[in-house]
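As a plain string of letters, each chain reads:
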Amino acid sequence: MPAVSKGDGMRGLAVFISDIRNCKSKEAEIKRINKELANIRSKFKGDKALDGYSKKKYVCKLLFIFLLGHDIDFGHMEAVNLLSSNRYTEKQIGYLFISVLVNSNSELIRLINNAIKNDLASRNPTFMGLALHCIANVGSREMAEAFAGEIPKILVAGDTMDSVKQSAALCLLRLYRTSPDLVPMGDWTSRVVHLLNDQHLGVVTAATSLITTLAQKNPEEFKTSVSLAVSRLSRIVTSASTDLQDYTYYFVPAPWLSVKLLRLLQCYPPPEDPAVRGRLTECLETILNKAQEPPKSKKVQHSNAKNAVLFEAISLIIHHDSEPNLLVRACNQLGQFLQHRETNLRYLALESMCTLASSEFSHEAVKTHIETVINALKTERDVSVRQRAVDLLYAMCDRSNAQQIVAEMLNYLETADYSIREEIVLKVAILAEKYAVDYTWYVDTILNLIRIAGDYVSEEVWYRVIQIVINRDDVQGYAAKTVFEALQAPACHENLVKVGGYILGEFGNLIAGDPRSSPLIQFNLLHSKFHLCSVPTRALLLSTYIKFVNLFPEIKTTIQDVLRSDSQLKNADVELQQRAVEYLRLSTIASTDILATVLEEMPPFPERESSILAKLKKKKGPGTVTDLEEIKKERSSDMNGSAEPASVNASAVSTPSPSADLLGLGAAPLANSAPPPSSSGSLLVDVFSDSPSAVAPLAPGSDDNFARFVCKNNGVLFENQLLQIGLKSEFRQNLGRMFIFYGNKTSTQFLNFTPTVICSDDLQSSLNLQTKPVDPTVDGGAQVQQVVNIECVSDFMEAPILNIQFRYGGTFQNLSVKLPITLNKFFQPTEMSSQDFFQRWKQLSNPKQEVQNIFKAKHPMDAEITKAKIIGFGSALLEEVDPNPANFVGAGIIHTKTTQIGCLLRLEPNLQAQVSV
Amino acid sequence: MIHFILLFSRQGKLRLQKWYTTLPDKEKKKIIREIVQIILSRNQKTSSFVDWKDLKLVYKRYASLYFCCAIEDQDNELLTLEVVHRYVELLDRYFGNVCELDIIFNFEKAYFILDEFIIGGEVQETSKRSAVKAIEDSDMLQETVEEYMNKPAF
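Residues numbered from 1 in each chain as written. Chains lettered and ligands numbered in written order. Predicted model: local features only at pLDDT ≥ 70, side-chain atom pairs only at ≥ 80, totals over all residues. Heavy atoms only, no water.

A. How the structure looks around the overall build of chain A. Secondary structure assignment for chain A yields 40 helices and 16 strands. The burial tally for chain A puts 53% of its 917 residues in the buried class. Long-range pairs, those at least 24 residues apart, make up 68% of the contacts in chain A between residues at least 6 apart in sequence. (Helix = DSSP H or I, 4+ residues; strand = E, 2+ residues; numbered from the N terminus. Buried < 20%, exposed > 50% of the residue type's maximum accessible area, 1.4 Å probe, protein only. Contact = heavy atoms within 4.5 Å.)

Here's what the structure looks like:
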């Protein structure tokens, strides 16, 4: 006999449930269920019409079987029949079955909707309630199509019962969430806002949920809800604990409604009306004050409800981020919770502080809790809480505490739960990079990461350390030395072998002077790990070996012997075999010069957003990390007095940027701003003319050269008695890279050598240029190289100016040339047929889309030269397209970051005199 | 917004499932298995919150039953604990000292009570009196034990 059966009990159902519970095995249970299903099926198919009670009972049994996890493929019709019963309990079971087992059968949906429509029109509040619950439970698009027009009317009708209004509000909310397009705003919206004033707190509670969701999408439409919400909230927080009767929960007045109102207010900025704003501030202060009062009950429900309101109030304070006083009070309150004996409160305090840390008003206050948070990391028994502590440490990190936080995170990593290791590794890597003042510290940190949690160090992390080492020459020697030492550990992680292999291959020469790390020792050390590594790592090591051949000619034969061994040349892995064969040949036949060129040190990597950060964002989902970064970026200028590296790609960095940018991009030598006292002879003049703003007029003759570069990418851009400037450039789609070679033609050093690329204001918005500073001294006869990374954002007309300033002998030199970056560099050829071409040609009827120019040929017209020019210009040369074989036709696409523009070109030479385009 | 509510026993038997988002049955079963396992493997003294995918699980044990809600990131965790408590109170008031067996044998009532309290994942009525009243109205017709025993047992 079941424990209880209330109201209209179903004995047969109780017996069936007992039977199932008494089944000793899964098989017995399935047998009993199948027997029951057969029984129900026969009853439903039987000739005798079933009475309402039996129908209800069998439908309920089917529901029970379904909830046990078995499939149900019949009984839907009987359930629909129950919907039109006049007995509440039968109708109720029918609706429950439909809600749980929705079927997309269109015939049934029509019947169900019909029954719902009848109940909605019945004016019987209990029936209306059931119908609304069913719509909300199913929440399908079909339901929305059928009822989204009707429900707002029920919601705002004057004679609707309160309980129905509540159901209608939340039902509408559900439909709006699934199909917002089917719930258009209308007259009803303003009346819904006024439900915030309703006398019935249950109605207000339901309406606030609806308004909050609607206001997120249509803030203008629901603006008036702000002042109503504030006054409602104010009435609640100032009420005595018994005023609200049933809506007081363990001595806390209307906690659900309070939290919902505070949520609604988070859809808006702080109220503009000073009166409303003052009232809200009072509310928030009252809530904070109440937190300090002794509890009215020892029950956990009391403190939970009270603190729920408090945390929501703190969320609102953080959202507004405008009242320093409230922010600091919030921070202090959370600080108390950090030490609370309730784990839940510690968890929530850590979480909430994370957002508080990104406010400029409270960042410092949050930082004062660092010791407590670090302690939490060490002592908390719950991994979710430790995870929050890690998040908070990450959020509160800045230049002042980075070393401590990174050290603690590394410590924690040794014992951290496997589930959060990778995330901690990413966080440590980001913080170490972001706040590295000293790059030796950065390199140490990353190598520690690999040592402690090598398996969790993703590719992004070790790629990044290599990028940074390559881009910063001040750390290369240290990095080589450190990886060399780390590799000496008897067992080291494969990721360390990768980093070590790469770095020694590039910079092993920097430590080769020390007999303890002579070339041969370096090679033997790496090669001792070779056989323990996976194929990709071995492939990387082979590349290191061939780099060694270039760096250390003295061990060339040793390396060749290794490459020549059977295990390499006949390796089963194609990639390894190919590398071994090719590297061996390369080392044998190539001259030292060629080797030196092929195996030259890697050029600096183009700077873009750290891939690690991107990975962390991906891991944490958009939102959390991005917001934090953006807020920090905004704040950084006043907090730390320097820009964050995340902003690198944001604008054209063409002049030395004052930011202490750790990516080494903008950190152009500032040496020239303080001329050495020895050059006292022309000190005044020097100080004046050294300033980067004094740009020399364009060097004579440079325009001629500029024109030559329109159709070609490499060559000499400028030359005088002192200096030669050569260019090599490559372009792909909207990106390009230009290598500028500065050759000192004299035998004397150039001092304070400062090349600067200058873009006019117009140009800056359409062309993104990034340069790396060059060494300020250029020895006599030497050549230095500078890389310019180019991104075309939108179309442009002008060309950037390259200004070069240096001191030769006692005199200051200042010259400028136009840098041949023209729009056609981003021109990609497109092949098309004659028909296509002329169809498109004719479509270009708008005068703005067409330019015709007739000009006199300066040079004798030679068909081959013209063809070469058109190809050099960047377009495809389309042969046999134009009916006149003498005409030239070209087509291509100009790639910019923002758009791609197709471009067609026809050249009709008139051999007598003129050429027209 | 609450995405779903699960009630399960310490042995991992599911007693009630309520979904406020539309998911295929297969997916639901997978989620249930995963979550029951996560929660049962947590020891006591831990917090009542677990990050799960992009949602947060808030759970509490009452005697032999676990009550677990999945909420969104910005939802209020502490108040969700009290949603659970209020639901237990409603069950208690209806059944009188509710126990797991009540929910097993009167599962449909447990669903009805939940529907009166929460719609579409949002709290509808927080007053205990109003929420239970609707269900009690429907039970006006109380039957005697004899009447009940006279009903067919199949």
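B. Examining the overall build of chain B more closely. A tally of helices and strands in chain B yields six helices and seven strands. Sequence-ordered secondary structure for chain B, helices as α and strands as β, is β-β-α-β-β-β-α-α-α-β-β-α-α. A burial count over chain B gives 61% of its 154 residues as buried. Sequence-distant contacts, at least 24 apart, represent 48% of the contacts inside chain B between residues at least 6 apart. Here chain B has roughly 6,400 Å² of accessible surface; of this, 51% comes from carbon and sulfur atoms. (Areas by Shrake-Rupley, 256 points an atom, 1.4 Å probe, with all protein chains shown as cover.)

C. Highlighting the interface of chain B and chain A. In this complex, chain B contributes 69 residues to the contact, which on the side of chain A involves 83 residues. Overall, the association of chain B and chain A removes approximately 6,700 Å² of surface from exposure, summing both partners, and the carbon and sulfur fraction of that is 53%. Across the chain B-chain A interface, the total number found is five salt bridges. Of the charged contacts, one joins B:Asp51 and A:Arg388 as a salt bridge, the two residues approaching to 2.2 Å between their closest N and O atoms. If you look at where chain B meets chain A, you find 30 residue pairs in polar contact (both at pLDDT 80 or more). Here the side of chain B that touches chain A gets 11 residues from one element, more than from any other, and that element is helix H2 (residues 77-95) of chain B. (Buried area = accessible area lost by both parts, 1.4 Å probe. Salt bridge = Lys/Arg side-chain N within 4 Å of Asp/Glu carboxyl O. Polar contact = N/O pair within 3.5 Å; in protein donor to acceptor, adjacent residues only side chain to side chain.)

D. Looking closely at the confidence of the model for chain A. Residues and elements named next belong to chain A. Across chain A, the average pLDDT comes to 82, with 86% of residues at or above 70. Per-residue pLDDT stays below 50 along residues 622-694; that stretch engages in 121 contacts with residues further than four places along the chain or on separate chains. Per-residue pLDDT stays below 50 along residues 913-917; that stretch engages in 27 contacts with residues further than four places along the chain or on separate chains. (pLDDT = per-residue confidence, 0-100.)

E. Here's a closer look at the pairing of strand S10 (residues 811-818) of chain A. Residues and elements named next belong to chain A. As judged from the eight bridges shared by strand S9 (residues 801-808) and S10, these two strands associate in the antiparallel manner. The partner of Ile801 across the bridge, within S10, is Lys818. Between S9 and S10, which pair antiparallel and follow one another directly, the connecting turn spans two residues, one of which, Gly809, has a positive phi of 60°. (Pairing = 2+ DSSP bridges.)

F. Spatial organisation of helix H1 (residues 25-40) of chain B. All names here are of chain B. Compared with the 22 Å implied by 1.5 Å per residue over 16 residues, the 22 Å span of H1 between its first and last C-alpha is a close match. Within the sequence span of H1, burial applies to Lys28, Ile31, Ile32, Ile35, Val36 and Ile39. Down the axis of H1, the buried side of the element spans an arc of 125°, and every buried residue falls inside it. The outward face of H1, more than 90 degrees from its buried face, is lined by the exposed residues Lys26, Arg33 and Gln37. (Expected span 1.5 Å × (residues − 1). Arc of directions from axis to C-beta.)

G. Expanded view of unusual backbone geometry. Positive phi outside glycine occurs at A:Gln733, with the angle close to 50°. Looking at where A:Gln733 falls in the secondary structure, it is placed in the loop between strand S4 (723-732) and strand S5 (735-744). A residue is classified by how much of its surface remains accessible, and A:Gln733, at 39% relative accessible area, is partly exposed. Even without being a glycine, B:Asn97 presents a positive backbone phi close to 55°. Note that B:Asn97 resides in the loop between H2 and helix H3 (100-105).

H. Region of interest: the pattern of salt bridges. Residue and element names in this part refer to chain A. Applying the stated criterion across every chain yields a total of 39 salt bridges over all chains. One salt bridge connects Asp119 with Lys91, and the closest N-O pair in it is separated by 2.8 Å. With a gap of 28 residues between them, Asp119 in helix H6 (residues 106-121) and Lys91 in helix H5 (residues 88-100) connect regions that are remote in the sequence. With a relative accessible area of 5%, Asp119 lands in the buried category. Assessed through its relative accessible area of 3%, Lys91 is described here as buried. Asp417 is the partner of Arg386 in a salt bridge, and the nearest nitrogen-oxygen pair spans 2.9 Å. On the criterion of sequence distance, the pair formed by Arg386 in helix H21 (residues 383-396) and Asp417 in the loop between helix H22 (402-413) and helix H23 (418-434) is long-range, its members being 31 residues apart.

I. Up close: the side chain of A:Gln805. Examined against the element boundaries, A:Gln805 turns out to sit in strand S9. Engagement of the side chain of A:Gln805 in a polar contact is seen with the side chain of A:Asn803, the distance being 3.0 Å.

J. Up close: the sheet that holds strand S2 (residues 14-19) of chain B. Across the sheet, which stays open at both edges, the five strands sit in the order S2-S1-S5-S4-S3 (chain B) with antiparallel pairing between neighbours. In the strand order of this sheet, the two ends are held by S2 and strand S3 (49-52) of chain B, each with one partner. Ignoring strand direction, the axes of neighbouring strands in this sheet form an average angle of 20°. The pairing of strand S1 (residues 2-9) of chain B with S2(B) spans five bridges and is classified as antiparallel. Looking at the pairing, B:Ile5 lines up with B:Lys18 of S2(B). Contacting S3 and strand S4 (55-62) of chain B, helix H18 (residues 343-356) of chain A crosses the sheet at an angle of about 45° to S3(B). (Axes fitted to C-alpha atoms, helices over the stretch in contact; angles between N-to-C directions.)

K. Region of the structure containing a negative patch on the surface. There is a patch of like negative charges on the surface, built from A:Asp473, A:Glu600, A:Glu601, A:Asp775 and A:Asp779. If you trace the backbone, A:Asp473 turns up in the loop between helix H25 (459-471) and helix H26 (476-487). (Patch = residues over 30% accessible without salt bridge, like charges linked within 9 Å, V, L, I, M, F, W, Y side chains within 5 Å. Lys, Arg positive; Asp, Glu negative; His and termini not counted. Charge placed at Lys NZ, Arg CZ, Asp CG, Glu CD.)

L. Looking closely at the packing of aromatic side chains. Tallying each qualifying case throughout the model produces 28 aromatic pairs over all chains. Both rings, one in A:Phe731 and one in A:Phe826, keep their centres 5.5 Å apart while their planes meet at 85°; by these two values the pair is edge-to-face. Of this pair, A:Phe731 sits in strand S4 while A:Phe826 sits in the loop between S10 and strand S11 (827-829), and the two are 95 residues apart along the sequence. We classify A:Phe731 as buried; its relative accessible area is 14%. According to the relative accessible area criterion, A:Phe826 is buried, its value standing at 0%. The interplanar angle of 45° and the centroid separation of 6.5 Å between the aromatic rings of B:Tyr59 and B:Tyr66 together place this pair among those described as tilted. Lying across the ring of A:Phe127, A:Lys91 places its NZ or CZ 4.5 Å from the centre. (Phe/Tyr/Trp six-rings, centres within 6.5 Å; stacked < 30°, edge-to-face > 60°. Lys NZ or Arg CZ within 6 Å of the ring centre and 35° of its normal.)

M. Looking closely at the packing of helix H4 (residues 76-83) of chain A against H5(A). All names here are of chain A. Put simply, H4 and H5 touch, their axes get as near as 7 Å, and they point 135° apart. On the basis of their axis angle, the class for H4 and H5 is oblique. Taken as a pair, H4 and H5 cross one another with a handedness that is left-handed. From H4, His76, Ala79, Val80, Leu82 and Leu83 reach across to H5, where they touch Glu90, Lys91, Ile93, Gly94, Tyr95, Phe97 and Ile98. Partitioned by chemical class, the residues of the contact of H4 with H5 number eight nonpolar, two polar and two charged. (Parallel < 35°, antiparallel > 145°, perpendicular 65-115°, else oblique. Left-handed = near helix turned anticlockwise from the far one by under 90°. Nonpolar A, V, L, I, M, F, W, Y, C, P; charged D, E, K, R; others polar.)

N. Layout of the state of the cysteines. Residue and element names in this part refer to chain A. Enumeration over the complete set of coordinates arrives at zero disulfides over all chains. Distance from the sulfur of Cys134, which forms no disulfide, to the nearest cysteine sulfur (Cys171) is 9.1 Å. With relative accessibility at 1%, the residue Cys134 sits in the buried group. (Disulfide = S-S within 2.5 Å.)

O. Expanded view of the nonpolar core. Of all hydrophobic cores here, the largest spans 266 residues; its most connected members are A:Ile116 and B:Tyr87. Among the elements that take part in this core, H2(B) stands out by supplying 11 residues, more than any other. Not counting residues within four places of it along the chain, the set of residues in contact with B:Tyr87 comprises B:Leu7, B:Leu16, B:Phe67, B:Ala110, B:Ile113, B:Leu114 and B:Phe117. Membership of the second largest hydrophobic core comes to 33 residues, among which are A:Leu722, A:Tyr742, A:Val757 and A:Val774. (Core = buried A, V, L, I, M, F, W, Y, C linked by side-chain atoms within 4.5 Å.)

P. Highlighting the confidence of the model for chain B. Residue and element names in this part refer to chain B. When pLDDT is averaged along chain B, the result is 88, and 91% of the positions lie at 70 or above. For chain B, per-element mean pLDDT is lowest for helix H6 (residues 145-149), which scores 67, and highest for strand S5 (residues 65-71), which scores 97. Across the assembled chains, the prediction reports ipTM 0.93 with pTM 0.68.

Q. Highlighting the environment of A:Phe222. Residues and elements named next belong to chain A. Summarising the element assignment, Phe222 is placed in the loop between helix H12 (201-217) and helix H13 (225-237). The spacing of Phe222 and Thr189 is 33 residues in sequence and 7.7 Å in space, taken between C-alpha atoms. With near-sequence residues (within four places) excluded, Phe222 lies in contact with Met185, Thr189, Val193, Ile211, Leu214, Ala215 and Tyr268.

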